[in-house]
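Breakdown of the fold
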Amino acid sequence: MPKANEEVVVSGTVEAVSTVPRAGTVPYKDHILALHLTDLTVQGGRQEEHLEALVYLWSMRDNQLTPAANLRQGDHINLRLRAWADVAEQYEKINRSEVEDPSVQLQEPCWGEIAQ
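Here goes a summary of the coordinates provided.

Rules and cut-offs
- Residues numbered from 1 in each chain as written.
- Predicted model: local features only at pLDDT ≥ 70, side-chain atom pairs only at ≥ 80, totals over all residues.
- Heavy atoms only, no water.
- Helix = DSSP H or I, 4+ residues; strand = E, 2+ residues; numbered from the N terminus.
- Rg over C-alpha atoms; globule rule 2.2 N^0.38 Å.
- Buried < 20%, exposed > 50% of the residue type's maximum accessible area, 1.4 Å probe, protein only.
- Contact = heavy atoms within 4.5 Å.
- Areas by Shrake-Rupley, 256 points an atom, 1.4 Å probe, with all protein chains shown as cover.
- Pairing = 2+ DSSP bridges.
- Phe/Tyr/Trp six-rings, centres within 6.5 Å; stacked < 30°, edge-to-face > 60°.
- Arc of directions from axis to C-beta.

1. Brief notes about the overall build of the protein
On a plain count of helices and strands, the protein comes out with 2 helices and 6 strands. The order of helices and strands in the protein, counted from the N terminus, is β-β-β-β-β-α-α-β. Taken over the C-alpha trace, the protein has a radius of gyration of 14 Å; the compact-globule value for 116 residues is 13 Å, and the two agree within 12%. Along the first, second and third principal axes, the C-alpha atoms of the protein reach 45 × 30 × 30 Å. Out of the 116 residues in the protein, the part that is buried amounts to 41%. Looking at the protein alone, contacts between residues at least 24 apart form 75% of all its contacts between residues at least 6 apart. By element, 44% of the accessible surface of the protein is carried by carbon and sulfur atoms, the whole surface being about 7000 Å².

This is the structure in structure tokens:
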């Protein structure tokens, strides 16, 4: 996964995604979802088997759902990933949901943004 102050572009398959609130039905306007990605390939990196990641992404900003809010198990996506430590101070106090698998919750998370 990305080292501090490093960004990598990956593609992978959504194995699990946390719940996302409906916009306007919760007392907060921003939300971050958790995503378990499997079958990861790193752009420009060597190919390794069984790479996976726990990724946090914006699911709602200013009461508007983001494209990440529509991700479902089995979707194939491309993401730009950064180390969670790079953004934790900025994002750690924002409401967030977690994937249900306790073993995934123990992984060091990354911050992700959907890449085109």
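2. What about the pairing of strand E5 (residues 76-83)?
Only one face of E5 is buried: it carries Ile77, Leu79, Leu81 and Ala83, and the other face, with His76, Asn78, Arg80 and Arg82, is open. In terms of strand pairing, strand E1 (residues 7-17) meets E5 through 7 bridges, oriented antiparallel. Across the sheet, the residue bridging to Gly12 is Ile77, located in E5.

3. A look at the packing of aromatic side chains
Overall, the coordinates contain 5 aromatic pairs when judged by the stated rule. For the ring pair Tyr56 and Trp84, a centre distance of 4.9 Å and an interplane angle of 75° mean the geometry is edge-to-face. In this pair, Tyr56 is assigned in strand E3 (residues 53-61) and Trp84 in helix H1 (residues 84-91), connecting sequence segments 28 residues apart. The buried category is assigned to Tyr56, whose relative accessible area is 5%. Given a relative accessible area of 10%, Trp84 falls into the buried group. A ring pair is formed by Trp84 and Trp111, whose centres lie 6.1 Å apart and whose planes are at 40°; its orientation type is tilted. Residue Trp84 is found in helix H1, and its partner Trp111 is found in strand E6 (residues 109-114); the two are separated by 27 residues along the sequence. A connected cluster of aromatic rings, assembled from ring pairs, spans Tyr56, Trp58, Trp84, Tyr91 and Trp111.

4. A short note on H1
Buried within H1 we find Trp84, Val87, Ala88 and Tyr91. For H1, the angular spread of the buried residues around the axis is 135°, confining them to a single face. Seen from the buried face of H1, the exposed residues on the opposite side, beyond 90 degrees, are Ala85, Glu89 and Gln90.

These results come straight from atomic positions and should not be treated as a statement about function.
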